[in-house]
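Single-letter residue listing:
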Amino acid sequence: MADSVTITDNRTGQSIEVPITDGGVSATEWSKLLPGLWFYDPGFSSTAECESSITYIDGDAGILRYRGYPIEQLAEHSTYLEVAYLLLNGELPTTAELETWEGEIRRHTFIHENMRKRFLDGFHYDAHPMGMLVSEIAALSTFYPAAKRIFDLGQRHEDIVRLIAKTPTLAAAAHRHSAGMPFVYPDNALSFAENFLSMMWKMAEPRYEAHPTLARAIDVLFVLHADHEQNCSTTTMRVVGSAHADPFSACAAAAAALYGPRHGGANEAVLRMLTAIGSIENVPDFVRSVKEGHGRLQGFGHRVYKNYDPRAKIVREIAYQVFEVTGKNPLLDIALKLEEAALADEYFVSRKLYPNVDFYSGLIYQAMGFPVDMFPVLFAIPRTAGWLAHWAEMLDANTKIARPRQLYTGSPERPYVAIGERT
Ligand code: CMC
């Protein structure tokens, strides 16, 4: 049997055979038979936007791999910076490469004083930290105008390093500003995760020492969130990048997409849902109300995974390790009961709705003291590596500017109506 599809235009009787390559068919080939007819695919649920060799997901089997490595193995053995290197370069670093890479990141953690004193200070005291982060990332492009030279590989590398190194500094600065606390400068003797926690929580002590379990938990959560192929924010990064915008502007756009509650804000929604449920006795009633169409079970279901999200399994394990240090988040019991009830219920089983990465991550962040507003920010820090890997891959592939078509459903031509004659 041929690995191809044949389409026939019934208006003309003409046919064209299009080969199936890497699980897809070329729309360009297809269009040769059907010029002027567009593929209607709102939400891109049937469209492969690009070829990519970065991340592989098999949603039915619950598989996630970065550059071929199973997420479970990376979460167990790797650090976020190693994974960022892997995503960007295609291979895990050798000891010497990792040392150089970590050194480069360390050298770029500081932000310009104007950024902190003038730009950040201009935000209102109750500004949302994600809104601040989006603006801060965009503002970086004005501090590094050479970033426009996106085809100068040395320049590109420097800006990639800057973005990965500075995002935690900007994120923590946004939090400190909303909490009315003084800015904490990066401590470059610390690891990536420890430094972030220091910038978040340091008070008067000469050096903030993060609990190793908590620093490792943050690092593993960063590994799990580093990439997820063509999600909404990564697609935004590619679309904006295809116009040859500088990487800071493109990353700001991607972060803006992540800000949306359907994307990076779901872990916050889980927390609010668990709080509203209040106790395990209320779980059956809550599940019933979801089945009757009153809202959704937050942290359940995924466009791609029709099985247990492999990240959710790892996050659940980390939750127990974190609670050993912080004390148990009282919402955990409700979450466990909810998961048990949903996984045994025909409604969720038949729709293949399983816990996703957001179901347990919010519980960990809350137990570690992060305010709920910071949850999407915690997602944005590691996803920067994924965005940049896709951006560089898109540039290397010499991708055309993203410019889809539409099916026009508006009015046909009509004559202009003077203002006094309008009804
Ligand atoms: N609770 C109850 N019912 C659900 C849920 C849910 N969480 N998710 C989907 N369904 C039902 C939905 O009502 C529909 O039922 P029916 O066929 O009877 O109309 C069916 O399942 C298919 O849902 P869909 O909306 O067509 O699925 P989708 O692929 O468009 O949506 C989703 C995926 C993640 C937006 C959705 O599952 C959802 O809203 N989940 C809750 C929010 C959430 O946890 N989001 C985090 C996603 S993971 C992080 C990330 O990648 O950004």
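Residues numbered from 1 in each chain as written. Predicted model: local features only at pLDDT ≥ 70, side-chain atom pairs only at ≥ 80, totals over all residues. Heavy atoms only, no water.

A. Focus on the overall build of the protein chain. Of the regular secondary structure elements, the protein chain holds 18 helices and 6 strands. Over its C-alpha trace the protein chain gives a radius of gyration of 24 Å, about what one expects of a compact globule, namely 22 Å for 423 residues. For the protein chain, the C-alpha atoms occupy an extent of roughly 80 × 65 × 60 Å along the three principal directions. Residues classed as buried in the protein chain amount to 48% of the 423 residues present. Counting only contacts in the protein chain whose residues sit at least 6 apart along the sequence, the fraction spanning at least 24 positions is 72%. Taken as a whole, the protein chain presents about 21,400 Å² of accessible surface, with 53% of it coming from carbon and sulfur. (Helix = DSSP H or I, 4+ residues; strand = E, 2+ residues; numbered from the N terminus. Rg over C-alpha atoms; globule rule 2.2 N^0.38 Å. Buried < 20%, exposed > 50% of the residue type's maximum accessible area, 1.4 Å probe, protein only. Contact = heavy atoms within 4.5 Å. Areas by Shrake-Rupley, 256 points an atom, 1.4 Å probe, with all protein chains shown as cover.)

B. View of the state of the cysteines. This model, assessed by the stated rule, comprises 0 disulfides. Here C50 stays free of any disulfide, with the sulfur of C232 as its closest cysteine sulfur at 14 Å. On the basis of relative accessible area, C50 is assigned to the partly exposed category, the value being 24%. (Disulfide = S-S within 2.5 Å.)

C. Structural detail: helix α12 (residues 266-277). The end-to-end C-alpha distance of α12, which contains 12 residues, comes to 16 Å, matching closely the 16 Å that a straight helix rising 1.5 Å per residue would cover. Where α12 is buried, its residues contact α13 (283-291), α15 (332-343), α17 (358-367) and α18 (375-396). (Expected span 1.5 Å × (residues − 1).)

D. Examining the site of the ligand more closely. In the vicinity of the ligand there are 16 residues, among which H263, L297, G299, F300 and N356 approach most closely. A distance of 2.8 Å separates an oxygen atom of the ligand from a polar side-chain atom of H263. Side-chain polar atom of Y347 to a nitrogen atom of the ligand: 3.1 Å apart, as the coordinates give it. Protein burial of the ligand: of its 940 Å² of free accessible surface, 69% is covered by the chains. For the shell around the ligand, a count of residues per class yields 6 nonpolar, 6 polar and 4 charged. (Near = heavy atom within 4 Å. Polar contact = N/O pair within 3.5 Å; in protein donor to acceptor, adjacent residues only side chain to side chain. Nonpolar A, V, L, I, M, F, W, Y, C, P; charged D, E, K, R; others polar.)

E. Summary view of the pairing of strand β5 (residues 63-66). Alternating positions in β5 separate cleanly, L64 and Y66 being buried on one face and I63 and R65 remaining unburied on the opposite face. Here strand β4 (residues 55-58) pairs with β5 via 4 bridges, running antiparallel. By the bridge assignment for β5, I57 is matched with L64. Where β4 folds back onto β5 in an antiparallel hairpin, the turn is made up of 4 residues, including G62, whose phi is positive at roughly 70 degrees. One ladder, built from 2 bridges, connects β5 with strand β6 (residues 69-70); its direction is antiparallel. Each bridged residue has a counterpart across the sheet, and for Y66 the counterpart in β6 is Y69. (Pairing = 2+ DSSP bridges.)

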